[in-house]
Number of protein chains: 4
Amino acid sequence: MPLTLPQLDEPREAKEKCGVVGIWGEEHPARLAFLSLYALQHRGQESAGLCTTDGRIIDRAVGMGLVSQAITQRDIERLDAHAAARATAHAGKGVRKWGGAIGHNRYSTMGPSAAANAQPLVGHYRGGPVALAHNGNLVNAVQQRKELEGKGHAFSTTSDTEVMLALMAAASRDKECDALAEALQQVSGAFSIVVLHQDRIEAARDPFGWRPLAIGKLPSGSYFVASETVALDVLGATYVRDVEPGEIVTLSDDGLSSRRFAEASPRRAHCVFEHVYFASPASLIFGQTVQTVRERLGAKLAEEAPVEADLVMPMPDSGRSAATGYARASGLPYREGIIPNRYVGRTFIKPTDAERAAAVRVKLNIVSEVVRDKRVVIVDDSVVRGTTTKIKMDQVRAAGAKEVHLRISCPPIRYPCFFGVDFADPSELIATNRSVEKIREIIGVDSLHFLSIDGMLSVAACADVAGEHFCTACYSGEYRIAIDPALRKHAMTGNC
Amino acid sequence: MPLTLPQLDEPREAKEKCGVVGIWGEEHPARLAFLSLYALQHRGQESAGLCTTDGRIIDRAVGMGLVSQAITQRDIERLDAHAAARATAHAGKGVRKWGGAIGHNRYSTMGPSAAANAQPLVGHYRGGPVALAHNGNLVNAVQQRKELEGKGHAFSTTSDTEVMLALMAAASRDKECDALAEALQQVSGAFSIVVLHQDRIEAARDPFGWRPLAIGKLPSGSYFVASETVALDVLGATYVRDVEPGEIVTLSDDGLSSRRFAEASPRRAHCVFEHVYFASPASLIFGQTVQTVRERLGAKLAEEAPVEADLVMPMPDSGRSAATGYARASGLPYREGIIPNRYVGRTFIKPTDAERAAAVRVKLNIVSEVVRDKRVVIVDDSVVRGTTTKIKMDQVRAAGAKEVHLRISCPPIRYPCFFGVDFADPSELIATNRSVEKIREIIGVDSLHFLSIDGMLSVAACADVAGEHFCTACYSGEYRIAIDPALRKHAMTGNC
Amino acid sequence: MPLTLPQLDEPREAKEKCGVVGIWGEEHPARLAFLSLYALQHRGQESAGLCTTDGRIIDRAVGMGLVSQAITQRDIERLDAHAAARATAHAGKGVRKWGGAIGHNRYSTMGPSAAANAQPLVGHYRGGPVALAHNGNLVNAVQQRKELEGKGHAFSTTSDTEVMLALMAAASRDKECDALAEALQQVSGAFSIVVLHQDRIEAARDPFGWRPLAIGKLPSGSYFVASETVALDVLGATYVRDVEPGEIVTLSDDGLSSRRFAEASPRRAHCVFEHVYFASPASLIFGQTVQTVRERLGAKLAEEAPVEADLVMPMPDSGRSAATGYARASGLPYREGIIPNRYVGRTFIKPTDAERAAAVRVKLNIVSEVVRDKRVVIVDDSVVRGTTTKIKMDQVRAAGAKEVHLRISCPPIRYPCFFGVDFADPSELIATNRSVEKIREIIGVDSLHFLSIDGMLSVAACADVAGEHFCTACYSGEYRIAIDPALRKHAMTGNC
Amino acid sequence: MPLTLPQLDEPREAKEKCGVVGIWGEEHPARLAFLSLYALQHRGQESAGLCTTDGRIIDRAVGMGLVSQAITQRDIERLDAHAAARATAHAGKGVRKWGGAIGHNRYSTMGPSAAANAQPLVGHYRGGPVALAHNGNLVNAVQQRKELEGKGHAFSTTSDTEVMLALMAAASRDKECDALAEALQQVSGAFSIVVLHQDRIEAARDPFGWRPLAIGKLPSGSYFVASETVALDVLGATYVRDVEPGEIVTLSDDGLSSRRFAEASPRRAHCVFEHVYFASPASLIFGQTVQTVRERLGAKLAEEAPVEADLVMPMPDSGRSAATGYARASGLPYREGIIPNRYVGRTFIKPTDAERAAAVRVKLNIVSEVVRDKRVVIVDDSVVRGTTTKIKMDQVRAAGAKEVHLRISCPPIRYPCFFGVDFADPSELIATNRSVEKIREIIGVDSLHFLSIDGMLSVAACADVAGEHFCTACYSGEYRIAIDPALRKHAMTGNC
C-alpha cells in the first residue's frame, strides 16, 4: 500500500517576482511599510522583509510566508524603535527628523539559498550600511559578477541584488562618485529598486519602465514609493506620479528630489501582463486603472469572439473583471456558477482516480442548476499550463452544461519572460508549439478564443508616449533587449 | 507608549455551528470523510475531527483550525488502517466488509473547555463504544443533565452532545431498547446528528428539520450522509434524498435502512438563514438550490426597493449572488468596484486614527475609477453588528461615490437563535431596538433597505409541505419551541 | 535506498506513572502548584495539567511534554485569576478565602486516547464539578466499569480515573453519602489521589500505601500535599507527615482535617522501587531519605560482592549515589570515567553498523585515560531490558578497560508491576527466565552481581510498622493483592 | 498587578564560541558530521550548520537551537545526496570519489544579525564557491574590513568570518596565489578554521594555538578534523595529531597533506579555560586529558587550601571532576548532596520573594540529611558573576549545614577575553576589583579559596614546548597580542 501521498498543488501559475515599498519621515515607518506590504501581497507570498535605520546601522526583519506570518508585532516594534533612535539623536538640535523604512514581498526560489537570498539585502560598503529591495530581473548579472570576481570581490549570495551592491561598492573606490547611478548604468534588465541609506531612501526604475513604481504623498507630507498605487490607498496617501524610467528619486529629511542615471528609452517596455493578470484591479499603473482595462479586455473579447449562448460566467476570481465586460458588451446574462472554496489549504490525495477527482472537486463547486442544459461562456484572464483549466471545464460539463465556450482575455503565452515574471518552463506552457484549435481539443471545450495582441494593445495604451509602450514578449517572442542564448541555462537567481 | 497592540478582528459575524458527515462501506472512509469536510469548511473553521472503528474500538483524530490544519495525512492513514482492520477480520469469512467514518467541522467556543468538548465525542456505554457528531443545539440539555446527575451519572464535558450519550446509556439499562431513539425522544431543539457504532452509522434529524442533512450514494454503491449536498458533489455522490425530520437512517454492511423516532412536525422549522447566508451557494437544501434562492432574493430586493442609480456592486464575496439578481431585475449595469485582499491574515494596529484606518483599508480596496461621481447600489446578504459595514461604506464614499444605496437581502436580525446559530449578543446587534432609518444614519448611506420577511419567504419556499416551512425567529422573535427564560443565562455549551 | 530512518531511543526504561500535588489557601495557587510540579518532573514527563476553581466551576490547563512546555505563563495567570474570583466573592463577607489548585505530571500512553485521558480529569456529578489527579493503578477498574455500564452509565475515556469519578457519582444518588469514601472502598490497587471540589481539596492513599503522598505546611500556614517531599522543599514548606494508608485528608478554608475510608493494611506495600530508582534522591519517603538509602544499597552491594579492582565508577547519572556508597565501603578510589552528553535530543541513524554505533556513542563518552588498563567496578541502579547497558559496557571495554565488573543496587526485575510502574513487557526484561550468569554473558562483563532481596530490605526499612513494609513483587513475583489472570490482557489504561 | 513576569535565566555563565568539524571521503559525510556535532554541543548551543558540495556548488543547512533541532533528517539526506552527486559524476572515470562536509555549532549573538551571520558562511570568489566554519575571534577584523571597503569591497554580514572570505577573494586577483594562506597571514587573533572547497577541505589554526583542533582517521581511512577529540570518539576515529599552530592541512581525494602559512609562535597561547571549564572531560586537548587535569586541579586545591570538614560535595555537574580529586587528596568522604533537576526548562516567576525563591529552589534540591549539622566543602570549577553561586550556597546552609567551605578550581576571572570566550561584561564579573575576602562575604560562605595561577599551571602543562604554553589573560590581564584600546568599544561580531 503506498504510504506517501502526493500533494495536490494548484499554484498561481505565473509568478511575479516581488513588491517593494519605501517611506521616509514618519514616526512609525516600519508599521506603515508593514501595512502597505499587505496591499502588495499579491506580488509575492513566499517571504517578506522590512528594514529601518537608526542613522548608523540598519536593522532587518525577514521571514517566510505571508507578511502576517513573516513579520511579527515584536519585529515592527523593534524596527520602529530603531528608527526612532535616529529621531531622538537629532531631537537635541531642535529639529525632529523621523526615520524611514523599506519593505519587500517576495516570491522566493525554494531550496538551499532561500534564506541567504532574503530581501531586503543588507550590505556594507564604503558609503556605509545599505539595504536593497528589488523587483525585476537583470539579464547581465552573471557576466557582471564574473568580472567582479576576477577583480577580487567575494559574494555571499547568488542573487542579482548583491551584484548591484557590489557594483555600488566598486564604484565607491572613487569617494566622490554617485555610487547608485554608476551601478545602475552597468546593469541591464528590469528593475524597480528601493535603497535605504543611513539618511535617505533612493528609488529607481530601469530606462524601459518594465515594472511599475509609484510615488505617493502621505497626509503628513511625507513621501512614499511603492510598486503599485493600491499601497498608497492603504496608507491614505495621494498619488503624485510614477518614478520615471531612468530616474532616481531621493526621499530624505528634505523631502523629494530627483536625478537621472539614464535617459528613458523612447521604446518603453511596460509589462502588459501586469494589466492582464498581476497588478491589483484597484491600482493605477502605466497611466490606467487595472480594473477598467480588464473590463475593456473582456468587452474586446466579446467583440472579437461573440457566441450564441445562454449566460456568461467568470472563472473565479481571476476572470471576473473581464467577464463583466464581456457580459455587458454581449448583452448576455451574467451569473456566478462556479463557487470557489475559500478555505482549501493543502489536500492529501491518493493516486486512485476516484480520490484524485475528489481532491480536485474540493477546490471548486459548480452550481448545477445554473449550468444544466445551458450554453455557457466562461471568461478567464489567461491559460498557462492548461491542466487546471481543463479540470474545471470538465467539472462544468459534468454538471450538465450543454455547450462550454472559453474566452481568454489575453493572447496565448508562448515565450519565456526574462524581466521578472516566472512562467512555467516553456516546455510546460500549453500554447508552446500548439495551435488554438489543438489547445481547444486538449481542454475539451466547444469553442476557445484568445484575445489578439492588437486587440489587447488597443485597450491597454498609454497616452503619454507615442509608439510602443508595452513589452509583449511572452506572447510575441519580441524582446526589447537582445537575450544571450546562454541565459536560459546559466541564469542567476533573480532575487526578485 | 502603549506596547501591546490590539488585533483587528473581522470575524464572520454570524457563526453556524458545525458540519457533519458519515460514510459506510469504503476502503478509505477516513480519507473520503476528510475530503468531504473540506466542502463543509464554511460551516465551522475552528476545529475538525474524524473517527473510524475497527469493529471493536473507535479511533479519533481531532485538531484545531481548518480541516487541512487539524487533520494530518498521518491521522488519515492511521484511521483508515484502523477501519481496514475490521474488513480484514471479516475477510476470512468470504465477505469483505469495508468500514466507515464520521467527521465534524466545528465552530468551537474558546476557553478552558475547548479541547475537552472536541467533536466527534467518543464514549462508551453498554452498547459498546460510540462516536457522536452533532450539528445544532438542544434547548433542554441543562434540565436533562440535572436529572441524570440526580440519578448518579457523571459527566466529563459541558456539551449537550454528552447529554445525548448519557441518555443513550441510561436507556440501555434495558438491554433490548432502541437507545438512540429513546435518547432523541427526550431532547428538544435542533439536531442533525451522526453516530458511529462498531458495525454501523446512524444519522438522525430533529422533527422540525432545523438543520439540513442529505443522503448521497457513491459510485461504488456506498451510502453517505452530510450536512449539505456540496459534500456529495466532492465525492462524486448522487443526491438520494434528505434525512427526514424525525427519521433515523442506518448505514451498514446491508446498505441503507430507516426508522422513525418521532413524527415530522407539521410545522417545519427549516433555518432560512441557511439560504441567506450559511450554506454553500452550490448546495441543494430544503428542496432549493442556494445560489438560485440568493439571486432571487436580490431580484426581490430590486422589486421592493428600486433606486435610480448608475451601477450595482456586490459586497464581495457575501453579496455577489444577490447583487447579480438585483442587477438583472433592475437593468442597472453590474460592476465590481470593491476588491477584497485575499491574503490578509492578522494585522497589528496601533490605536492612532491614521493607523487604524490603514489597517481597515488593507482588507478592501476600492476601484476609484468605478465609483467616482457615481450613484452606486451596493448589495450585501446581511448586517449583524454593522461596524464593518459602516467602515466599508465610508471607504466607498471616500473613493468618490456621489450616492451610496445599500440593499440587504434579508430582514433586520433582532433576536437570538437557540437552534445552532451564534449571532453576536443581542445587545450588539445593530438592529436591536433600532429603526431602519436609524440604522441608515449610523451606517451613513443615502438609502437603506432590508428585504421584508414576506418577500424573503416568497422566494425561499418548499414545495413538499403546505404551510410554514421556515424558522424566521431571528427576524421575527417567533420561536417554534417555547424558550425557557433562564436559557439565555444558563445555557450549556452547544457543542455544535 | 531506505529513506525513512529509525530513531534511536533511549527511554528511561521503567516508567513511573505520575506525580500529584494539591494546595489550598494561597493567593496564587496555580503558580505554586506549577512550581512544585517541576520538582516532580521525574515522575512523568509526557504531559502535565493544573486545575483551579472559582467556587463555582473548574478551569483546567493541560498540555503535552514537560511542565515548562505543557503549561504557559498565560495558563497560570488565567487559572490564578479564576481562583481569585472565589476569594473576591467571599471578600465582602469580611473574610478573604484564597483558593486552591491541584496538579499532575503524567507518563501518558501514546495514541488515540492521549488527549482525552489527560489529567487532572474534570467531571461533573451531583456534588458539583470536580477534578481528579491520580498516581497509581487500579486492578479492578475493568470489572467496575462493566458493572456501571450495565447500570446505564456512559464513559468518555478509557482511564481508571473516570471509573473513580463514576463511582463517586453513583454513590451520590444518596445525597447524604460520603461519595469519595464510598468510591474508594470499591476500588482495589495503588492510588494516591487528589480531588479538587468547589470548596476544598481531598487527598487519599490506598490502604497498602503503595505510592508516597506527603503533607506539608507553607510559611503562610496553608497546607499542601504532594507525591514527594522534594516538592515541599521547592515551596519552602515544612514536612508535616505522610497521608496515612486508608486516610482521606481535606484541605479547606478551615485548614486540615482527616477521616478514614479504610483501615491501613497491617501488611504495607510501599514500593521499594521508589527508593531504588524513581523518587528524587532529595525526598523523604516511607520514613527514609532516598539518597541515604541509595548510598547504603551501594555499601551493601560492596559487602555482598567485593572485587579486587582499581577504581569504582558510577553509571551516570543513575548509579552515582550507590557508587559513592560502594566506593566508601570498599575503600576503592571513586572516579568519573563515563561522561554523559547532556545535550543529546533525538538522533537520526541509518541502519549501517558504523553509523548506528556512532549514534550510540554520541550519548556517552568514555574518558580513556581513566579506564585504560584498569580493573573497573561500574555501579548502576537497575537493569531492565539490558540493551543499553550492554552497549555502555562495550564502550568502556573498547576504551581499554582490562576488567569490567558490574554491580547493580537491586535484584533482577522479573515480574510485571500492576501498581503504577510501567516496566517493559516481561518478555523484554533481560532477567525473565535468565540466570545472573547468563545475563553476565549477554552483557559481556567479567563479573556481575545484583543486590539480594534480603540485602535490599535490610537497608530500606520502616521503623513504624512491624513486619512487611515493602512490595517487592517485581523481583519476587509475590503480589499483595491477587491478580486476575485476565488482567494482563484486558488491562484498562492506568491513567497514571 | 504586574502581568508580565520575568524569566529566570541561569545561563552557562561563560560562553565559548563554537565547535567545528570537517570530513572528506565518506559516502554520508553530512550524517557523520552531524553526529560529530552532537559531541561538540557543549561548545555552542544556539545554532548549528552543515555544508556539502557536489563538486560544483555548495549546499547548506543551518538552524537555530541544538544540533537536533537545527538540522533535520531531511536536511541530512539532501546534503548527503548533494555530496553523492560528485561521487556519481566521477564514477564513470573508474574511480569513486566520495564527498566531504563541514559543520559548525555556534554561540550566536542574538538580535538582528543572527540569521545573516549563521555559520558555515557560504561565499563565492574567483576560486569558486567556498564555505567557512570558524572557532575563535579576530582582533584586527574591523581594521581589515575598513581597508577592504576603501578598495571597493562590499560586505553582507558583520562577521569576522566574512572578512577572511573577502581577504581570500582579494588575494585571488592573482590567480596563482595561495588564497587561504595569504588571507590568514593578514588576520590576527584566535582561529581554528575549516574551509570547504569544491574538491577539498582546508583546516588551519592560528600561530598561537588558542583553540584546539584535532586530526582523526576513520576506520575507512578517511580523515576528519574537529575542535575536540571527543568528536573523533563518536565516529570511531583514532586520534592522529593536532593541527599545528600556523599549519594548514588539506583533506582531499588524495588523503591528508600539510603546509604552513606561518611559523608556530614560540610562546603558545593555549586557552587554559578549555581545561578548566569548556572542553569535554573526555577530550584530549593540548596534549592532556581534560578529566585528569580537572581531578588534579582539585587535588592541587586540597593542597593549597585544606580544611577540617566532614565531607566534600561537588557542585553538580560542573565541579564533579575537581571534587573527586579534592576528596581523594584530602581523605575526606565524597558525597553527593546537591541534586540538580534535569528537567527544568524555562520557569516563570513573579517578583515576590516567596515565589522567586521557589523558582530558584526548583533548579537544585539539597539532601538535608547529607548536609545537616555537617562541615561541608563544596567544589566548583569557576565563579563568573557569582549570583547563582550565592543562591546555591544559601540553599545548602538553609538545609542545615554547619559550615560551608567553597573551593574553586581556577583563579578569579578579572579580565575580558578577546580570543573566543564570551564572559560577562567585566563590570559584571564578581572578581573585578574585589578581593577574595570581599567575594567570600558576598557569597556568604565560611571560607573561600580560588586555585592560584601557579597551582593551575603546575597541573595544566604541555610537554612538547618549553616555556609558556597557556594564555591566562582572563586571570592575569596579560595578553599575548597587544589589544587596541578601541577594541572593546568597536568590536565586530566575532562570528564564532
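Residues numbered from 1 in each chain as written. Chains lettered and ligands numbered in written order. Predicted model: local features only at pLDDT ≥ 70, side-chain atom pairs only at ≥ 80, totals over all residues. Heavy atoms only, no water.

Contacts between the two partners involve 60 residues from chain C, matched on the other side by 61 residues from chain D. Buried surface at the junction of chain C and chain D, both sides included, amounts to about 5,200 Å², of which 57% is carbon and sulfur. Counting across the chain C and chain D interface gives 6 salt bridges. For the salt bridge of Asp317 of chain C with Arg342 of chain D, the shortest nitrogen-to-oxygen distance reads 2.8 Å. (Contact = heavy atoms within 4.5 Å. Buried area = accessible area lost by both parts, 1.4 Å probe. Salt bridge = Lys/Arg side-chain N within 4 Å of Asp/Glu carboxyl O.)

What follows covers the pattern of salt bridges. Counted by the stated rule, this structure contains 108 salt bridges over all chains. Arg320 of chain A is the salt-bridge partner of Glu336 of chain B, the closest N and O atoms lying 3.9 Å from each other. Taken together, the residues Glu336 of chain B in the loop between helix H10 (320–330) and strand E19 (338–340) and Arg320 of chain A in helix H10 (residues 320–330) connect one chain to another. For the pair Glu336 of chain B and Arg320 of chain A, one class covers both residues: buried. Between Arg211 of chain D and Glu274 of chain D there is a salt bridge, with the nearest N and O atoms lying 2.8 Å from each other. (Helix = DSSP H or I, 4+ residues; strand = E, 2+ residues; numbered from the N terminus. Buried < 20%, exposed > 50% of the residue type's maximum accessible area, 1.4 Å probe, protein only.)

Okay, the environment of Ala170 of chain A next. Within the fold, Ala170 of chain A resides in helix H5 (residues 160–171). Spatially, the C-alpha atom of Ala170 of chain A lies 25 Å from that of Phe419 of chain A, the residues being 249 residues apart in sequence.

A few words now on the interface of chain A and chain B. At the interface, 60 residues of chain A touch 61 residues of chain B. Together, the buried faces of chain A and chain B total about 5,300 Å²; carbon and sulfur atoms form 57% of this surface. Connecting chain A to chain B are 6 salt bridges. Between Arg335 of chain B and Glu295 of chain A there is a salt bridge, with its nearest N and O atoms 2.4 Å apart. At the surface where chain A touches chain B, the tally comes to 16 residue pairs in polar contact (both at pLDDT 80 or more). Looking at the side of chain A that touches chain B, the elements with two or more residues in it are helix H1 (29–39), helix H3 (73–91), helix H7 (229–235), helix H9 (290–304), H10, helix H11 (353–361), strand E20 (364–366) and helix H12 (368–371) of chain A. When residues of the side of chain A that touches chain B are assigned to their parent elements, the largest contribution, 6 residues, is made by H1 of chain A. Partitioning the side of chain A that touches chain B into residue classes produces 27 nonpolar, 17 polar and 16 charged. (Polar contact = N/O pair within 3.5 Å; in protein donor to acceptor, adjacent residues only side chain to side chain. Nonpolar A, V, L, I, M, F, W, Y, C, P; charged D, E, K, R; others polar.)

Next up on the list: helix H5 (residues 160–171) of chain C. All names here are of chain C. Counted at 1.5 Å a residue, the expected span for H5 with its 12 residues is 16 Å, and the 17 Å between its end C-alpha atoms agrees. Within H5, 12 of the 12 residues are buried, which leaves it mostly tucked inside the rest of the structure. Taken residue by residue, H5 has Asp160, Thr161, Glu162, Val163, Met164, Leu165, Ala166, Leu167, Met168, Ala169, Ala170 and Ala171 as its buried positions. Summarising the contacts, the buried residues of H5 are in contact with strand E6 (121–125), strand E7 (128–138), helix H4 (141–150), helix H6 (179–186) and strand E8 (189–196). (Expected span 1.5 Å × (residues − 1).)

Of the two same-sequence chains, chain A is brought onto chain B (RMSD 0.1 Å, axial shift 0.0 Å) by a rotation of 180 degrees. Here the transformation between the copies is reduced to the relation of a two-fold axis. A shared interface surface links the copies, since 100% of the contact residues of chain A are contact residues in chain B too. (Least-squares fit on C-alpha atoms with pLDDT ≥ 70 in both.)

Here we come to the packing of aromatic side chains. Scanning all chains against the criterion turns up 43 aromatic pairs over all chains. Between Phe273 of chain A and Tyr475 of chain A, the ring centres sit 6.4 Å apart and the planes meet at 65 degrees, which makes this aromatic pair edge-to-face. One end of the pair, Phe273 of chain A, is in helix H8 (residues 272–278); the other, Tyr475 of chain A, is in helix H16 (residues 473–476), and 202 residues separate them in sequence. One exposure class covers both Phe273 of chain A and Tyr475 of chain A, and it is buried. Measuring from ring centre to ring centre gives 5.1 Å for Tyr277 of chain B and Phe278 of chain B, while their planes differ by 85 degrees; the resulting arrangement is edge-to-face. Among the residues examined, Phe278 of chain B registers a relative accessible area of 2% and is labelled buried. Put simply, the rings of Phe208, Trp210, Phe418, Phe419 and Tyr479 of chain B pair up and form one aromatic cluster. Note that Arg145 of chain B overlies the ring of Phe155 of chain B, its terminal NZ or CZ placed 5.4 Å from the centroid. (Phe/Tyr/Trp six-rings, centres within 6.5 Å; stacked < 30°, edge-to-face > 60°. Lys NZ or Arg CZ within 6 Å of the ring centre and 35° of its normal.)

Moving on: the relation of the copies chain C and chain D. Structural alignment of chain C on chain D gives an RMSD of 0.1 Å, achieved by rotating through 180 degrees and translating 0.0 Å along the axis. The overlap is high: 100% of the interface residues of chain C also sit at the interface in chain D, so the same surface is used on both sides.

So, about the confidence of the model for chain A. All names here are of chain A. Per-residue pLDDT for chain A averages 88, and the proportion of residues at 70 or more is 88%. In the model, residues 1–12 has pLDDT below 50 throughout and makes 28 contacts with residues more than four positions away in sequence or in other chains. Scored below 50 in pLDDT, residues 109–113 makes 6 contacts in the model with residues more than four places away or belonging to other chains. Note on the complex model: pTM 0.87, ipTM 0.90. (pLDDT = per-residue confidence, 0-100.)

Right, let's talk about the environment of Arg434 of chain A for a bit. Residues and elements named next belong to chain A. Inspection of the secondary structure puts Arg434 in the loop between strand E23 (421–422) and helix H14 (436–443). Note: C-alpha distance between Arg434 and Met313 (121 residues apart in sequence) is 26 Å. With residues near it in sequence (within four places) discarded, Arg434 still touches Arg414, Leu429, Ile439 and Ile442.

For the rest of this paragraph, the subject is unusual backbone geometry. All names here are of chain B. With omega at -10 degrees, the peptide bond leading from Pro316 into Asp317 counts as cis. Backbone geometry at Asn433 places phi at a positive 60 degrees, although glycine is not the residue there. With respect to the helices, strands and loops of the structure, Asn433 is situated in the loop between strand E23 (421–422) and helix H14 (436–443).

Residues and elements named next belong to chain A. Taken domain by domain, chain A comprises domain 1 (19–266) and domain 2 (291–460). Centre-to-centre separation of domain 1 and domain 2, based on C-alpha positions: 37 Å. Across the contact, 8 residues belong to domain 1 and 6 residues belong to domain 2. Roughly 500 Å² is buried in total at the junction of domain 1 and domain 2, and carbon and sulfur atoms are behind 60% of that figure. The largest share of the area that domain 1 buries against domain 2 comes from Asn137, Trp210 and Arg211, three residues that together contribute 57% of it. Applying the counting criterion to the domain 1 and domain 2 interface returns 2 residue pairs in polar contact (both at pLDDT 80 or more). Taken together, the elements giving at least two residues each to the side of domain 1 that touches domain 2 come down to strand E7 (128–138) and strand E8 (189–196). Of the residues in the side of domain 1 that touches domain 2, the class split is 4 nonpolar, 3 polar and 1 charged. (Domains from an automatic or database assignment.)

This part covers a positive patch on the surface. A surface patch of like charges, here positive, comprises Lys151 and Arg173 of chain B together with Lys151 and Arg173 of chain C. Accessibility expressed as a relative area gives 47% for Lys151 of chain B, which makes it partly exposed. (Patch = residues over 30% accessible without salt bridge, like charges linked within 9 Å, V, L, I, M, F, W, Y side chains within 5 Å. Areas by Shrake-Rupley, 256 points an atom, 1.4 Å probe, with all protein chains shown as cover. Lys, Arg positive; Asp, Glu negative; His and termini not counted. Charge placed at Lys NZ, Arg CZ, Asp CG, Glu CD.)

Residue and element names in this part refer to chain C. Taken in spatial order, the 4 strands line up as E18-E21-E22-E24 in an open sheet, and their pairing is parallel. Across the chains shown, the open sheet's two edge strands, defined by having one partner strand only, are strand E18 (311–314) and strand E24 (447–450). When the angles between neighbouring strand axes are averaged without regard to direction, this sheet yields 20 degrees. Pairing analysis gives 4 bridges linking E18 to strand E21 (residues 375–380), with the strands arranged parallel. Note on E21: the bridge partner recorded for Pro314 is Val379. In the packing of helix H9 (residues 290–304) onto the sheet, the strands contacted are E21, strand E22 (403–408) and E24, and the crossing angle to E24 comes to about 125 degrees. On top of the sheet, helix H10 (residues 320–330) reaches E18, E21 and E22; it is set at about 165 degrees to E18, its chief contact. (Pairing = 2+ DSSP bridges. Axes fitted to C-alpha atoms, helices over the stretch in contact; angles between N-to-C directions.)

All names here are of chain A. Taken together, the 4 strands give an open sheet; going across it, the order is E18-E21-E22-E24, and neighbouring strands pair in parallel fashion. Every interior strand has two partners, whereas the edge strands, strand E18 (311–314) and strand E24 (447–450), have only one. Between one strand axis and the next, the sheet turns by 20 degrees as a mean value, whatever way the strands run. The sheet strands contacting H10 are E18, strand E21 (375–380) and strand E22 (403–408), and the helix crosses E18 at an angle near 165 degrees. Packing against the sheet, H14 makes contact with E22 and E24, and its axis sits at approximately 130 degrees to E24.

Our next topic: the pairing of strand E3 (residues 47–53) of chain A. Residue and element names in this part refer to chain A. Among the 7 residues that make up E3, 7 are buried, leaving the element largely enclosed by the rest of the structure. Side chains of E3 alternate between two faces, with Ser47, Gly49, Cys51 and Thr53 and Ala48, Leu50 and Thr52 buried alike. In terms of strand pairing, E3 meets strand E4 (residues 58–64) through 7 bridges, oriented antiparallel. Residue pairing for E4: Gly49 is matched across the bridge by Val62. Linkage of E3 to E4, two consecutive antiparallel strands, is achieved through a turn of 4 residues, within which Gly55 is found at a positive phi near 90 degrees. In terms of strand pairing, E3 meets strand E5 (residues 99–106) through 6 bridges, oriented antiparallel. Considered in E5, the bridge of Gly49 is made with His104.

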